[in-house]
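Summary of structural features
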Amino acid sequence: MNRIDSPAALQTLRDEIRSARDPERPCITICAGSGCLAYGTRDLVYHFREEIGRHGLEGLVELRTSGCHGFCERGPMAVIDPQRIYYQRIGLEDAREIIEKTILGGEIIDRLLYEDPLTGQRIVRVDDVPFYKKQLRVVFGGNGTIDPEKIEDYIGIGGYEALAKVLSAMKPEEVVRQVSEAGLRGRGGGGFPAGRKWAATRQAAGSPKYVICNADEGDPGAYMDRSLLEGNPHSVLEGMIIGAYAVGAGLGYVYVRNEYPLAVRNISQAVGKARECGLLGADILGSGFGFDVLITRGGGAFVCGESSALFASIEGRAGEPRAKYVHATDKGLFDRPTCLNNVETWANVPLIINNGVEWFKGIGTEASLPTRENTLVPVLASVPIISNHSKKVYGISHHV
């Protein structure tokens, strides 16, 4: 893909991507998040490709792999568009039947549908499945619709539009003000107002300044950050670039657990693609603003989810916390002003810029703007446990 050197060029590319896609063309989207991969999704994708080729359907039927859909205990799963048919617990032998009966014959395969345990009803459309029906999947909605390895998929659904708006029409102070007024809070558990942190970093003396994405999700059973980095890494990157512009940073880090190999791979690929397209590096979108991101793999220490221990790990030291009277916004990474936010926090930023403060506030309640119920929380009740323990128990990291 050529370098995108202006907001106009980005919009032209988006229009080309959208015009080249037929919304009526059959598309089989198979979940390839870690949960479904544990159930054998890779082999399932291979079987679908074989069947598409065997029936001469190349170019007529699209096969897409996406990030986590959230209902992990039902994997492997697939959504067939444009009808939005939801098949779950698909076996390798089912690929041929789906192609022959559903794609070619327009027939619904009843045994592959989800059965509501309360009513016994078999449900055809994914949006009618009770697990999904009452969710407003604001942050994770893109997981089931794009291939995380293809930047054009993200651009096609409006990706980097918020960045173009910020760099072409907004001053850094305006961005900070919007994030503050929206009431965005830290999604890592602390709930600290993101706008206040951004403002403090911007006003802090000293340079260079840094922004960091904390993806060291060490709580047992936690899966949200992993799912987002695996399924929609560009949403996190776009939020980080916007944040860097707002606070005056030129370099950022994504600190991700080495135990998350797919997340490490997908965010690393996303950074590489963004650099290749000119969305990271010098003079982003012709604005004169430059920013780049490095990936740091954590060494497996739970304590490195704490900000000061995380800074020490990035710096190549043992991940040990320091006194909290020193604020990261004044002296964080390398003792320089640093703005650190959680994965999900960064991913909310483009949504606020694109949709506005009132839209974001409208999702929540008067006392909580917005609530966390607007996001998809994956369910892993029946997923096999795959361990990949790091030997670096003190959390000393290595950069990518």
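Note that the structure is a prediction, hence the values are computed from the model and not measured.

1. Some remarks on the domain arrangement of the chain
As assigned here, the chain comprises domain 1 (7–134) and domain 2 (158–368). A C-alpha centroid distance of 32 Å is found between domain 1 and domain 2. Between domain 1 and domain 2, the contact holds twelve residues from the first and 13 residues from the second. When domain 1 packs against domain 2, the two sides together hide about 900 Å² of surface, and 57% of this comes from carbon and sulfur. The largest contributions to the domain 1 side of the interface with domain 2 come from Pro-7, Leu-10 and Ser-34, which together make up 50% of the buried area. If you look at where domain 1 meets domain 2, you find zero salt bridges.

2. Considerations on the sheet that holds strand 2 (residues 62–66)
Spatially, 2-1-3-4 is the arrangement adopted by the four strands of the open sheet, whose pairing is mixed. Only two strands of the sheet have a single partner each, and these edge strands are strand 2 and strand 4 (85–88). Adjacent strand axes in the sheet meet at a mean angle of 20° when their direction is disregarded. Pairing analysis gives five bridges linking strand 1 (residues 27–31) to strand 2, with the strands arranged parallel. Its bridge partner being in strand 2, Ile-28 is matched across the sheet by Leu-63. Helix 3 (residues 41–54) rests against strand 1 and strand 2 of the sheet, and its axis sits at about 165° to strand 1.

3. Brief notes about the nonpolar core
Tyr-160 and Trp-198 are the most contacted members of the largest nonpolar core, which totals 68 residues. Take this core: its biggest share by element is nine residues, from helix 11 (residues 233–247). When residues are assigned to domains, this core turns out to be shared by domain 1 (7–134) and domain 2 (158–368), each giving three or more. With sequence-adjacent residues up to four places away left out, Tyr-160 is seen in contact with Leu-10, Ile-151, Tyr-154, Ile-155, His-234, Leu-237, Glu-238, Ile-241, Ala-274 and Leu-279.

4. Here's the deal with the packing of helix 10 (residues 224–231) against helix 12 (residues 261–277)
Where helix 10 contacts helix 12, the two axes come as close as 7 Å, and the packing angle between them is 40°. Looking at the two axes, helix 10 sits oblique to helix 12. The two elements helix 10 and helix 12 meet at a crossing, and its hand is left-handed. Here Arg-226, Leu-229 and Glu-230 of helix 10 lie close against helix 12, whose contacting residues are Leu-262, Ala-263, Asn-266 and Ile-267. Looking at the contact of helix 10 with helix 12, its residues break down into four nonpolar, one polar and two charged.

Cut-offs and rules
- Residues numbered from 1 in each chain as written.
- Predicted model: local features only at pLDDT ≥ 70, side-chain atom pairs only at ≥ 80, totals over all residues.
- Heavy atoms only, no water.
- Domains from an automatic or database assignment.
- Contact = heavy atoms within 4.5 Å.
- Buried area = accessible area lost by both parts, 1.4 Å probe.
- Salt bridge = Lys/Arg side-chain N within 4 Å of Asp/Glu carboxyl O.
- Pairing = 2+ DSSP bridges.
- Helix = DSSP H or I, 4+ residues; strand = E, 2+ residues; numbered from the N terminus.
- Axes fitted to C-alpha atoms, helices over the stretch in contact; angles between N-to-C directions.
- Core = buried A, V, L, I, M, F, W, Y, C linked by side-chain atoms within 4.5 Å.
- Buried < 20%, exposed > 50% of the residue type's maximum accessible area, 1.4 Å probe, protein only.
- Parallel < 35°, antiparallel > 145°, perpendicular 65-115°, else oblique.
- Left-handed = near helix turned anticlockwise from the far one by under 90°.
- Nonpolar A, V, L, I, M, F, W, Y, C, P; charged D, E, K, R; others polar.

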